[in-house]
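# Survey of secondary and tertiary structure
In case you want the letters, here they are:
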Amino acid sequence: MDIMDVSPFADGAAYVKGRFVPIAEAAIPVTDWGFTRSDAVYDVVHVFGGGFFRLNDHLDRFIHSMQARRLNPPEDRAAIEAVLHRCVALSGLRDAYVAMVASRGRPRVAGSRRPADCENHLIAYAIPWIDVIPKDVQERGAHLWIASTPRVPDVSVDPTVKNYQWSDLTSGLMEAHDHGYDTAILCDAQGFVTEGPGFNIFIVKDGKVITPDRGSLHGITRQSVLELCGMMGIPAEVAPLPRAELEDADEVFAATTAGGVMPVSRVGGRILGNDRPGPVSLSLKEAYWRKHAEGWHYTPVRLLETA
Ligand code: PLP
């Protein structure tokens, strides 16, 4: 029997209130504002082949999100980084989904309604790899439903601050599943394409790659795709994307940390190409994983980390 089979951390390791615990034991109080008000920001980085991918970019974005929401847990950036290494090291995972969360916590003054009175805290965990679109669906190309619920306006909830306000995204997902689709894409109230539940979206039209300039997270995978386009000589643009252009695209693909570059073969009632992933999407997907294997933006997990 492998040693990891008996480790209490084999299903994942978490850090909560300053302690490392097996993932099944990681819990927060029901009165934590992170739970009662979705008053939390988070980030997710993946570990692939024993190393973090673009760890510094994820930490930069997490700190930006915390500052935007005035969340200030006791751990500084170096301590957060050490906690992430330690969670992965404890889990023994070579490929992992690694989350960091800053929660508002509970008021130090009983009954206070003032956010500033709350005791902010850091949660982190490493669990086995997750694909937001399963690998077999990625192979045939995901079927994307265009949601009837518009994405919440950027001026109300800033989508560049990674947050747990997922009501609109979850409504889109339920609607997609009700119609037999794999996942959803949301447009804003003005009819521009934004993002989906856990991913950015790209279209390919006449050889050019386009991703929306609004209503969406500045995804790290999106950044990787744009960099790959630059290396591969594929024209790429961040621009307004009207719904009609999505419906008229030659190819569509989604991009996220939890799955990488994920081709789409159907959008609403429309079948793209041969009902299979398109050539530009496939070449970007191939390049994304090849660059991983070559050590692109790779930070080895510090296995002896003692945070
Ligand atoms: N958009 C949303 C709403 C997300 O939740 C995510 C990732 O979880 C993304 C986009 C993709 O971002 P990244 O590539 O940084 O994982």
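Residues numbered from 1 in each chain as written. Predicted model: local features only at pLDDT ≥ 70, side-chain atom pairs only at ≥ 80, totals over all residues. Heavy atoms only, no water.

### As for the domain arrangement of the protein chain
Put simply, the test is: As used throughout, domain bounds are those supplied by an automatic or database domain assignment. Only heavy atoms matter for contacts: two residues are in contact if any of them lie within 4.5 Å across the pair. Here's the idea: put two parts together, see how much 1.4 Å probe accessible area each one loses, and the total over both is what we call buried area. Only one rule defines a salt bridge in this text: a Lys or Arg side-chain nitrogen within 4 Å of an Asp or Glu carboxyl oxygen. Polar contact criterion, stated in full: a pair of N or O atoms within 3.5 Å, where within protein one must be able to donate a hydrogen and the other to accept it, and residues adjacent in sequence count only if both atoms are side-chain atoms. The numbering of helices and of strands both runs from the N terminus, where a helix is a DSSP run of H or I of at least 4 residues and a strand a run of E of at least 2. Only Asp, Glu, Lys and Arg are considered charged, only Ala, Val, Leu, Ile, Met, Phe, Trp, Tyr, Cys and Pro nonpolar, and every remaining residue, Gly among them, polar.
Here the protein chain is partitioned into domain 1 (3-128) and domain 2 (135-293). At the junction of the two partners, domain 1 supplies 20 residues and domain 2 supplies 18 residues. When the two sides are added together, the surface that domain 1 and domain 2 hide from each other amounts to roughly 1,700 Å², 63% of it contributed by carbon and sulfur. Taken as a group, Tyr-42, Arg-54 and Arg-61 account for 38% of the area that domain 1 buries against domain 2, more than any other trio of residues on that side. Counting across the interface, domain 1 meets domain 2 through 1 salt bridge. Here Arg-54 and Glu-227 are joined by a salt bridge, their closest N and O atoms 2.9 Å apart. Along the contact surface separating domain 1 from domain 2 lie 7 residue pairs in polar contact (both at pLDDT 80 or more). Elements represented by at least two residues in the side of domain 1 that touches domain 2 include exactly β3 (40-48), α3 (55-68) and β5 (96-103). It is β3 that provides the largest number of residues to the side of domain 1 that touches domain 2, a total of 8 residues. Residue composition of the side of domain 1 that touches domain 2, by class: 10 nonpolar, 5 polar and 5 charged.

### A short note on the pattern of salt bridges
Scanning the model with the defined rule gives 20 salt bridges in all. The shortest N-O distance in the salt bridge between Glu-139 and Lys-285 comes to 3.6 Å. With Glu-139 in helix α5 (residues 135-140) and Lys-285 in helix α9 (residues 279-293), this residue pair connects regions lying 146 residues apart in the sequence. Put simply, Glu-247 and Arg-243 hold a salt bridge, and the shortest N to O gap is 3.4 Å.

### Remarks on the side chain of Lys-285
Filter applied, for reference: With a 1.4 Å probe rolled over the protein chains alone, any residue whose accessible area is under 20% of its type maximum counts as buried; one over 50% counts as exposed, and the rest are partly exposed.
Residue class for Lys-285 comes out buried when judged on its relative accessible area of 14%. With residues near it in sequence (within four places) discarded, Lys-285 still touches Gln-138, Glu-139, Val-261 and Pro-263.

### Quick notes on the packing of aromatic side chains
Selection rule: For this analysis, a ring pair means two rings from Phe, Tyr or Trp (six-membered ring only for Trp) whose centres lie within 6.5 Å, classed as stacked if their planes differ by under 30 degrees, edge-to-face if by over 60, and tilted for the remaining angles.
The final tally for this structure, using the stated rule, is 10 aromatic pairs. Between the aromatic rings of Tyr-42 and Tyr-164, the centroid separation amounts to 4.4 Å while the plane-to-plane angle is 25 degrees, which identifies the pairing as stacked. Pair noted here: Tyr-42 is in strand β3 and Tyr-164 is in the loop between β7 (142-146) and α6 (167-178), with a separation of 122 residues, a long-range link. Owing to a relative accessible area of 30%, Tyr-164 belongs among the partly exposed residues under this scheme.

### Description of the environment of Ala-24
Counting through the fold element by element, Ala-24 comes out in the loop between β2 (19-22) and α2 (33-36). Measuring from C-alpha to C-alpha, the distance between Ala-24 and Asp-11 comes to 8.0 Å, with 13 residues separating the pair along the chain.

### Describing the site of the ligand
Quick note on the threshold: Only heavy atoms are used to decide nearness, and a residue is near a molecule or strand if one of them lies within 4 Å of it. Throughout, the Shrake-Rupley method with a 1.4 Å probe supplies accessible areas, and for residues the shown protein chains are the sole cover considered.
The immediate surroundings of the ligand are formed by 16 residues, with Lys-162, Glu-195, Ile-220, Thr-221 and Thr-257 found nearest. Glu-195 has a polar side-chain atom sitting 2.7 Å from a nitrogen atom of the ligand. In this structure, Ile-220 approaches the ligand through a main-chain N or O atom, which is 2.7 Å from an oxygen atom. Surface burial for the ligand is 94%, taken as the share of its 390 Å² of free accessible area covered by protein chains.

### A few points about the pairing of strand β11 (residues 208-212)
To keep it simple, the criterion reads: A pair of strands is considered paired only if DSSP assigns at least 2 bridges between the two. The definition of a right-handed crossover adopted here requires that, viewed with the strands pointing away, the path from the first strand over the helix to the second runs clockwise.
Most of β11 sits out of view: 4 of its 5 residues are buried. Two elements, strand β10 (residues 199-205) and β11, share 3 bridges in a ladder whose sense is antiparallel. Bridge pairing in β11 links Lys-205 to Lys-208. A loop of 2 residues connects β10 with β11, the two strands running antiparallel in sequence, and Asp-206 in this loop sits at a positive phi of about 50 degrees. The handedness of the β11 to strand β12 (residues 236-239) crossover, carried by helix α7 (residues 220-232), is right-handed.

### Describing the packing of α7 against α9
Helix packing for two helices is described by the angle between their axes and how far apart those axes are. To be explicit about the condition: Only the stretch in contact is used when a helix axis is fitted, and all axes are lines through C-alpha atoms; the angle between N-to-C directions ranges over 0 to 180 degrees. Each angle receives one of four descriptions, namely roughly parallel if under 35 degrees, roughly antiparallel if over 145, roughly perpendicular if within 65 to 115, and oblique otherwise.
At a minimum axis distance of 10 Å, the contact between α7 and α9 shows a crossing angle of 100 degrees. Judged by the angle between their axes, α7 and α9 are roughly perpendicular. Two secondary-structure elements touch here, α7 through Thr-221, Ser-224, Val-225, Leu-228, Cys-229, Met-231 and Met-232 and α9 through Ser-283, Leu-284, Ala-287, Tyr-288 and Lys-291. For the contact of α7 with α9, a count of residues per class yields 8 nonpolar, 3 polar and 1 charged.

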